[in-house]
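Examination of the molecular architecture
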Amino acid sequence: MEIKELSVNGQRLRESMERMAKIGATPGGGVHRLALSDEDREGRDLFVRWLEDIELDVTIDEMGNIFGRRQGRNDTLPPVMSGSHMDSQPSGGRFDGILGVMGTLEALRTLHENRVVTERPIVIADWTNEEGSRFAPAMVGSGVWAGALKRDWAYDRTDIHGNRFEAELVRIGYKGQAKCEKRPVHCYYEYHIEQGPILEREGKGIGAPKGIVCLHWYDVYLKGEANQVGPTPMEGRHDALCAAAEMILKVNKLPERVGGNLVATVGEIQNYPNSRNIIPDKVHFTVDIRSWDDDHALKAWELLREDFEEIAARRGCPITIEETWRVQHSPFDAKLVQRILDIADHLGYPNLHMVSGAGHDASYMNQVCPTAMIFVPSIGGRSHVEVENTRWEDCEAGANTLLHAVMQSAEEH
Ligand SMILES: [Zn+2]
């Protein structure tokens, strides 16, 4: 494999990241740039200006996805695509998403200033509303583009104030003309922070995930019997919250019990009537199970379900379980993943073949074309928080790896 001596400008990448971090900056050093907010608009305006500075052909589609296209020698060939998202979690970090967009921009700036012409066109993408924190669910921009979600359904999503997605898209001036639908793409890369502790722990600068783990969501509803807490003896109570407490600990112990690559979490709970002097008679909680191995996750869930039913029966709290959402694990394109590892080797960056525990726009793109991701370490494994951080050397290394991966793909006939 031939790797040209081209490298990105790490200082320029850092300056772009720092400039973007000012938009929606929080006192704790993070970023609050929710999808389709005024801050999102300000970030988009700046991004579009930067795309025009390097003579990219800018398109905005009807979901607000922004694309910048760089001509190829053979311009009718399907393009190489690379991108991520610029929206953030509420009080999120300065790296999640934006690093993949600025990293791609830096790669394109490098090609531009060196007057490199590639065989295929290259397209940079900023996908709308990846986080799903203002408008649920996540990844709607890429989801509609990939044909997995319906545009009008996405338009009807509302935030907690009742604002419609479409109205907000119009308000910030980013409801574009282009149809939001997939077209032929040669391959897709997404450069992203790891959002976990593995790379740091292993002392590796670059990660290439072989794919994204499966995701199984459940909703559990328990019924108890409400009563005044003082006069009601402990014997014979049907306390739905105590039943839930036992179940939640079973979820937490599940990975240890079944072994293998699996994580299990209860992240949300509602307790009714949620009063200090009434025995809880209604509880709802969620279960999230993720694994590289779908069967393993399903078998683990069956064990958990048996436990839940035993606890519910013993405590006299009838249980209802809903299987809310199941996404199978999704392997990336093995050839592209290997390419990223090989490039990292050639550039002298210690690297790791791993899995991604989080969903990304790359999950939907993986349904459309060969796809791979590049990860760089998250300091302390922290993400979706203001202290989210990645070393600038690692940001530069990731952008160099991306630059060469994109160039190689763009030279393929
Ligand atoms: Zn992200």
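Residues numbered from 1 in each chain as written. Predicted model: local features only at pLDDT ≥ 70, side-chain atom pairs only at ≥ 80, totals over all residues. Heavy atoms only, no water.

So, about the coordination of the zinc ion. Angles between donor atoms at a metal ideally measure 109.5 degrees for a four-coordinate tetrahedral arrangement and either 90 or 180 degrees for a six-coordinate octahedral one. Protein-derived coordination of the zinc ion comes from His85 (NE2), Asp96 (OD) and His192 (NE2), at a distance range of 2.0 to 2.2 Å. Summarised as a motif, the one-chain spacing of the donors to the zinc ion is H-x10-D-x95-H. Linking His85 in the loop between strand S3 (80-84) and helix H3 (98-113) with Asp96 in the loop between S3 and H3, this pair joins segments that are 11 residues apart in sequence. In this pair, the class of His85 matches that of Asp96, namely buried. (Donors = N, O, S within 2.8 Å, 3.2 Å for Na, K, Ca; no water. Helix = DSSP H or I, 4+ residues; strand = E, 2+ residues; numbered from the N terminus. Buried < 20%, exposed > 50% of the residue type's maximum accessible area, 1.4 Å probe, protein only.)

Before going further, it helps to examine the pattern of salt bridges. Per the stated rule, a full pass over the model turns up 30 salt bridges. We note a salt bridge from Arg151 to Glu62, for which the minimum N-O separation is 2.9 Å. Of this pair, Arg151 sits in helix H5 (residues 151-155) while Glu62 sits in the loop between strand S1 (57-60) and strand S2 (66-70), and the two are 89 residues apart along the sequence. Residue Glu62 is classed as buried on the basis of its relative accessible area of 8%. Its salt-bridge partner being Arg305, residue Glu323 comes within 3.4 Å of it at the nearest N-O pair. Remark: Arg305 occurs in helix H9 (residues 294-314) and Glu323 occurs in strand S11 (residues 319-327); sequence separation between them is 18 residues. Accessibility expressed as a relative area gives 47% for Glu323, which makes it partly exposed. It is possible to trace a salt-bridge network through shared partners that takes in Asp38, Arg41, Arg134, Asp159, Glu168 and Arg171. (Salt bridge = Lys/Arg side-chain N within 4 Å of Asp/Glu carboxyl O.)

Further remarks concern helix H8 (residues 240-258). With 19 residues, H8 should reach 27 Å at 1.5 Å per residue; the first-to-last C-alpha distance of 27 Å fits that figure. Along H8, the helix axis deviates most sharply at Asn252, where the bend reaches about 40°; the proline Pro255 sits within four residues downstream. Where the residues of H8 are buried, they touch strand S7 (214-223), strand S8 (262-265), strand S10 (282-291), H9 and S11. Regarding H8, its N-cap is Asp239, as a side-chain oxygen of that residue lies 2.9 Å from the backbone nitrogen of Leu241 further along. Remark: Gly259 follows H8 within two positions and exhibits a positive phi of approximately 70°. (Expected span 1.5 Å × (residues − 1). Bend = angle between axes of the 7 residues up to and from the residue. Contact = heavy atoms within 4.5 Å. Polar contact = N/O pair within 3.5 Å; in protein donor to acceptor, adjacent residues only side chain to side chain.)

These figures come from the coordinates and say nothing about function on their own.
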